[in-house]
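For reference, the chains in residue letters:
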2 protein chains.
Amino acid sequence: MKLSVRGEYALRAMQLLAERYGGPVVSIQTLSDEQNIPKRFLEQILNDLKSSGLVESRRGMAGGYRLALAPAEIPLARIIRYIDGALSPVSCVSERFYEKCSCPDETRCALRSVMKEVRDTVAQMMEKTTLVDLIARAQKLRSVPMGPMDFVI
Amino acid sequence: MKLSVRGEYALRAMQLLAERYGGPVVSIQTLSDEQNIPKRFLEQILNDLKSSGLVESRRGMAGGYRLALAPAEIPLARIIRYIDGALSPVSCVSERFYEKCSCPDETRCALRSVMKEVRDTVAQMMEKTTLVDLIARAQKLRSVPMGPMDFVI
DNA sequence: TAATAAACGATCAAATTGATCAAGTATTTC
DNA sequence: GAAATACTTGATCAATTTGATCGTTTATTA
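Draft legend 1. Geometry of the interface of chain A and chain B. At the junction of the two partners, chain A supplies 46 residues and chain B supplies 46 residues. For the pairing of chain A and chain B, the buried interface totals around 4,100 Å² over both sides, and the portion due to carbon and sulfur atoms is 64%. Connecting chain A to chain B are 2 salt bridges. Note that Glu-117 of chain B is salt-bridged to Arg-137 of chain A, the shortest N-O span being 3.1 Å. Our count for the chain A to chain B interface comes out at 12 residue pairs in polar contact (both at pLDDT 80 or more). Listing elements by their share of the side of chain A that touches chain B, those giving two or more residues are helix H1 (5-19), helix H2 (28-35), helix H4 (76-83), helix H5 (110-128) and helix H6 (131-143) of chain A. If you tally residues by element for the side of chain A that touches chain B, the top one is H5 of chain A, at 11 residues.

Below is the structure:
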């Protein structure tokens, strides 16, 4: 039921790019440093994200990456689907990555019907959460943890 | 976000064992045939399930496996957790399989907070669905597809 | 009692995928 | 043209999935 490490890194990189949206491009080095992601691996992932049209890059000195779309237009589902594939726990309930299951009768598989509900729920959550929502959450998290005690000492 | 093949097979085998609950033990051969699961692989999986206390076995001729607990007492979550591990999309939000994430500040990670909600939702669904529910669903699925036309020639 | 069907246990192997590293090439800015 | 950076390709290492072999143990049945 887990995201691949690749997918997790992609989400974290995109989250950072979303925070810097509007500013200058962010280098792999910076992304790698700030998010603790192995640089070489991140390189590949960003390349994939570029092919998907979610980010664009600039070469040479002061080069780097930035979002190709506004954060509000990028739901988490889109990133995950591109990097990791299906959101479904089993591929026989996937809408976009459907594969026939080896079970005897898919149409009457009880397990399948449960998994379909899980898929739909997860897909809906990932679809409605965009990078903008992440930014908003991050802001809240920055203020809340210490609470009103922020100003003590 | 997918279950491993191992986990999927485990669920399907358990589903069949639940349907036969109360009857005689079911052999690996039967399970393998009826559910289209590679026999050798299934052998390993059933072994794991046995160590977990979810199934028990009987040796010798007419030997096989059966549930060690009533179907109502076995939620899908328990099977998945034992075979596949965490239900969470990322391990830094897992309750039972927690692992520290490589991100700079877990407590203020927006992605984490989203993933936590996904985890909680999925966990709740898998926790409340037991093998009895699968049986009930299977019954519905057996009757519904054809509908009231069942008796037409 | 002997034959048989099954679980159990231990490996090995091959194919695939996932995660990572290494090294060189191309492009832009200074 | 030097330096910093993205880009490309290929190598490596580990885990997963599946298949194969071989033997041991247990219980039924003829």
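Draft legend 2. Structural view of the nonpolar core. Membership of the largest hydrophobic core comes to 96 residues, with the highest contact counts inside it found for Met-14 and Leu-49 of chain A together with Met-14 and Leu-49 of chain B. When residues no more than four places from it in sequence are discounted, the contact partners of Met-14 of chain B are Leu-49, Leu-54, Val-55, Leu-67, Ile-74, Ile-79 and Leu-131 of chain B.

Draft legend 3. Quick look at the protein's contact with DNA strand C. The local shell around DNA strand C holds 25 residues, among which Arg-59 of chain A together with Ile-28, Lys-50, Ser-57 and Tyr-65 of chain B are the closest. Within 4 Å of the protein, atoms of DNA strand C come from sugar and phosphate in 69% of cases. Taking Arg-58 of chain A, its side chain carries an N or O atom lying 2.8 Å from a phosphate oxygen of DNA strand C. Put simply, the parts of the chain that give the surface near DNA strand C at least two residues each are H1 and helix H3 (39-51) of chain A together with helix H3 (39-51), strand E1 (55-58) and strand E2 (64-67) of chain B.

Draft legend 4. View of the relation of the copies chain A and chain B. By a simple turn and slide, chain A fits onto chain B: the slide is 0.0 Å along the axis, the RMSD is 0.1 Å, and the turn is 180°. Taken together, the rotation and translation describe the operation of a two-fold axis. Across chain A, the rotation axis passes nearest the C-alpha of Met-1 of chain A, at a separation of 2.3 Å.

Draft legend 5. Main features of the packing of helix H1 (residues 5-19) of chain B against helix H6 (residues 131-143) of chain B. Residues and elements named next belong to chain B. One way to put it is that H1 packs onto H6 with a least axis distance of 9 Å and a crossing angle of 75°. It follows that H1 is roughly perpendicular to H6 by the angle criterion. Contacts between H1 and H6 involve Met-14, Gln-15, Ala-18 and Glu-19 on the former and, on the latter, Leu-131, Leu-134, Ile-135 and Ala-138. Tallied by class, residues from the contact of H1 with H6 come to 6 nonpolar, 1 polar and 1 charged.

Cut-offs applied
- Residues numbered from 1 in each chain as written.
- Chains lettered and ligands numbered in written order.
- Predicted model: local features only at pLDDT ≥ 70, side-chain atom pairs only at ≥ 80, totals over all residues.
- Heavy atoms only, no water.
- Contact = heavy atoms within 4.5 Å.
- Buried area = accessible area lost by both parts, 1.4 Å probe.
- Salt bridge = Lys/Arg side-chain N within 4 Å of Asp/Glu carboxyl O.
- Polar contact = N/O pair within 3.5 Å; in protein donor to acceptor, adjacent residues only side chain to side chain.
- Helix = DSSP H or I, 4+ residues; strand = E, 2+ residues; numbered from the N terminus.
- Core = buried A, V, L, I, M, F, W, Y, C linked by side-chain atoms within 4.5 Å.
- Buried < 20%, exposed > 50% of the residue type's maximum accessible area, 1.4 Å probe, protein only.
- Near = heavy atom within 4 Å.
- Least-squares fit on C-alpha atoms with pLDDT ≥ 70 in both.
- Axes fitted to C-alpha atoms, helices over the stretch in contact; angles between N-to-C directions.
- Parallel < 35°, antiparallel > 145°, perpendicular 65-115°, else oblique.
- Nonpolar A, V, L, I, M, F, W, Y, C, P; charged D, E, K, R; others polar.

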